[in-house]
Every structure is written in structure tokens, then in C-alpha cells.
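Below are the chains, spelled out letter by letter.
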Amino acid sequence: MTNKYMYFIANWKMFGGLNSLNSLHKVDRFLKNFKKNKSIKLIFCPPSTLIRPMSKKLINSRIEVGSQNCHENEDYGAFTGFVNSKMLKDVGAKYVILGHSENRKCGETNKLINLKVKSALKTGLKVIFCIGETLKEKKRKITNQILSKQIKFGLQKINKKKNILIAYEPVWSIGTGLIPKSKELFTTINFIKKKTKLNVIYGGSVNPKNIHELKSINNIDGFLIGGASQDPKKFIDIIKKTYN
Ligand code: 13P
């Protein structure tokens, strides 16, 4: 995506039941009263089981709903345990996270992710495309090579990229409390932007304590937030602190 929004995207991962939706109104109320609300996009990606009830709850809200993955087949099929982009759209998802390192770790290849991206875009979902290097790759100083490969093969043969947002998530930063050094992060985000001409957000241990440091890196278009997004207070705090 190339529009000028600041994105705050919550990835709930495999957390949350119906009772977790009770806290959404706090975030919604905050957003409605927030002076910068026109320039921010707030997206919640709950587990698939919560997409429908969450979309219903947010019917009069500017908060949008996304999924955390989808099957690559855009038609129905005999794939036990999976859901495709058409089914996700049907229950209210507007976005889908693809290429998350937790799924790459379970065997998702760049080739498979590419098929998923194509099928999601064809269905009309917007794609949050995750890339990132492992600690080993960082130590070997091959981060840019890894990112280039993930971009090249993951986004292969996709001409219309306007509905894709890149999420740079260093694997070593996810859930560890560690974030990249500011200068390093600025350079990497710049590298990805030059390569893709797309908006780029950052993910990995974003929390109310480190958001001051992260927001000062002025080429970041938003944040993909895991752990801290499950607590509405922390999530709201992150947004507030991005602006002061
Ligand atoms: P944490 O914010 O918990 O590190 O998770 C980041 C992430 O994986 C978001 O997709």
C-alpha cells in the first residue's frame, strides 16, 4: 500500500476467546476521540474463530479486521482444517497477514507464500506481507540478501502491488523484547522501500516502553504488534506515544 497512513496492526496470534472481544470498545472509543484518527489505520487480526464476531462488533467502527493466514487455493476444496481467502472475506476480513515467520518456521516456503498472496489479492483482501531475517542470518550479515529473496520470490509475478503492505519483522526480535538499533532499522526499512516502492511497517517486541525510540525512526509507516496488542491499555498507549 502506498497511501500515507500510519498503521497499527494487532496480531493476536493463537490467543483469545469470545470474552476477549469485550475490550474492543475501549480501543474503538479511544480512536473515535483521537485527534489524529483520520490519518491512522487500525487493524485487528484475531484467530479465525473470532473474525466474524469481531467484525460484527466493529460494524460502526473505523477499526478493520484481518486474518493471520489463508490457504493458497482460492476455491473451496478438500483441505481439512484450512480456510481460504474467500471464506475469510465472507466473514468480514479485509486484510490477511502472509509470510509470518512463525508460519515460515512451520514449512511455508517463498513459493507457497507467493501463491497465497496471489489468491488473497484476487479475492480482494489486502495483504500484510511479512519478511525478516533470523539471528543467524543477521550475524552472517546477509539480512539484505534474505529480504531480497523473500521479496523477489514471495511477490513474484504480481504486477498490481497497491494492496500490499510490507511488515519487516526480524525473527530474533519477535517476542524477545529486543529491537534493532535505530540506525540499522532505518537503513533496512529504506532498503525495503527502495526495492518495493511500498509502505513498510515494523514488527517485533513493539511495546509502550520502546515506542519512543521506534517512532523517532521517521521512515516507518506503522507497527505490527503481537503480545502488547492483546492488552487494550498497552495498545492504546503505543498509539498515543507515537504522537507525542
Ligand atoms: P511481538 O510483538 O509479541 O514480539 O510479536 C510480533 C509479531 O510477531 C507480530 O506479527
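Looking now at a nonpolar patch on the surface. On the surface, a cluster of nonpolar side chains totalling about 280 Å² of accessible area is made up of Tyr76, Val83 and Met87. Its place among the elements puts Tyr76 in the loop between strand E3 (64-67) and helix H3 (85-90). Under the relative-accessibility criterion, Tyr76 is labelled exposed at 58%.

So, about the pairing of strand E2 (residues 40-45). Consecutive residues of a regular strand have side chains that alternate between opposite faces of the sheet. For E2, the buried fraction is high: six of the six residues fall into the buried class. Neither face of E2 is open: one carries Ile40, Leu42 and Phe44, the other Lys41, Ile43 and Cys45, and all of them are buried. This β-α-β element, strand E1 (residues 6-11) to helix H1 (residues 24-33) to E2, shows right-handed connectivity. Relative to E3, E2 runs parallel, the two sharing two bridges. Of the residues in E3, the one forming a bridge with Ile43 is Glu64. For the handedness criterion, the β-α-β arrangement of E2, helix H2 (residues 51-57) and E3 is classed as right-handed.

Right, let's get into the site of the ligand. The environment of the ligand is formed by Asn11, Lys13, His100, Glu169, Ile174, Gly175, Gly204, Ser205, Leu224, Gly226 and Gly227. Between the ligand and Gly227 there is a distance of 2.8 Å, counted from an oxygen atom to a backbone nitrogen or oxygen. With the chains in place, 94% of the 300 Å² that the ligand exposes on its own is no longer accessible. Here the shell around the ligand is built from residues that sort into two nonpolar, seven polar and two charged.

By the burial criterion, the buried members of helix H10 (residues 232-242) are Pro232, Phe235, Ile236, Ile238, Ile239 and Thr242. Buried residues of H10, seen end-on, are gathered within an arc of 155° and therefore sit on one face of the element. For H10, the secondary structure elements touched by its buried residues are E1, H1, E2, helix H9 (211-215) and strand E8 (222-225). Where H10 begins, one side-chain oxygen reaches toward the backbone nitrogen of Lys233, 2.9 Å away; that side chain belongs to Asp231.

Moving on to the pattern of salt bridges. Note on pairing: side chains with opposite charge can pair once their charged atoms come close. Applying the stated criterion across every chain, the model contains nine salt bridges. The shortest N-O distance in the salt bridge between Asp28 and Lys32 comes to 3.0 Å. In this pair, Asp28 and Lys32 both sit in helix H1, four residues apart, roughly one turn of the helix. Here Lys241 ties to Asp237 by a salt bridge, and the two come within 3.7 Å at their closest N and O atoms. Linking Lys241 with Asp237, this pair stays in helix H10, spanning four residues, or about one helical turn. On the basis of relative accessibility, which here comes to 22%, the residue Asp237 falls in the partly exposed class. Within this structure, Lys4, Lys193 and Asp221 form a network of salt bridges that share partners.

Rules of the game
Throughout this document, residue positions are counted from 1 along each chain, in the order its sequence is written. The model is predicted, so local features are restricted to residues of pLDDT at least 70 and side-chain atom pairs to those at 80 or more, both for listing and for counting; the totals for chains, interfaces and linings are taken over all residues. Remark: hydrogens and water are excluded; side-chain values derive from all non-hydrogen atoms of the structure. Note on patches: the residues involved have over 30% relative accessible area and no salt bridge, like charges join within 9 Å, and the nonpolar side chains Val, Leu, Ile, Met, Phe, Trp and Tyr join within 5 Å. What sets the accessible areas is the Shrake-Rupley method with a 1.4 Å probe; for residues, cover comes only from the shown protein chains. Between Lys or Arg on one side and Asp or Glu on the other, a salt bridge is scored when a side-chain nitrogen of the former is within 4 Å of a carboxyl oxygen of the latter. Secondary structure counts use DSSP, requiring at least four H or I residues in a row for a helix and at least two E residues in a row for a strand, with both numbered from the N terminus. Accessible area is worked out with a 1.4 Å probe on protein chains only. A residue is then buried under 20% of its type maximum, exposed over 50%, and partly exposed in between. Handedness of a crossover is defined as follows: orient the strands so they point away from the viewer, and if the path from the first strand over the helix to the second runs clockwise, the crossover is right-handed. A pair of strands is treated as paired once DSSP finds two or more bridges between them. Any residue with a non-hydrogen atom lying within 4 Å of a molecule or strand is treated as near it. Polar contact is defined as a pair of N or O atoms within 3.5 Å, subject to the rule that within protein one atom must be able to donate a hydrogen and the other to accept it, and that residues adjacent in sequence are counted only when both atoms are side-chain atoms. Residues were grouped as follows: Ala, Val, Leu, Ile, Met, Phe, Trp, Tyr, Cys and Pro as nonpolar; Asp, Glu, Lys and Arg as charged; and all remaining residues, including Gly, as polar. As used here, the arc belongs to the directions running from the helix axis to the C-beta atoms. Here a residue-residue contact requires only that any non-hydrogen atoms of the pair lie within 4.5 Å.

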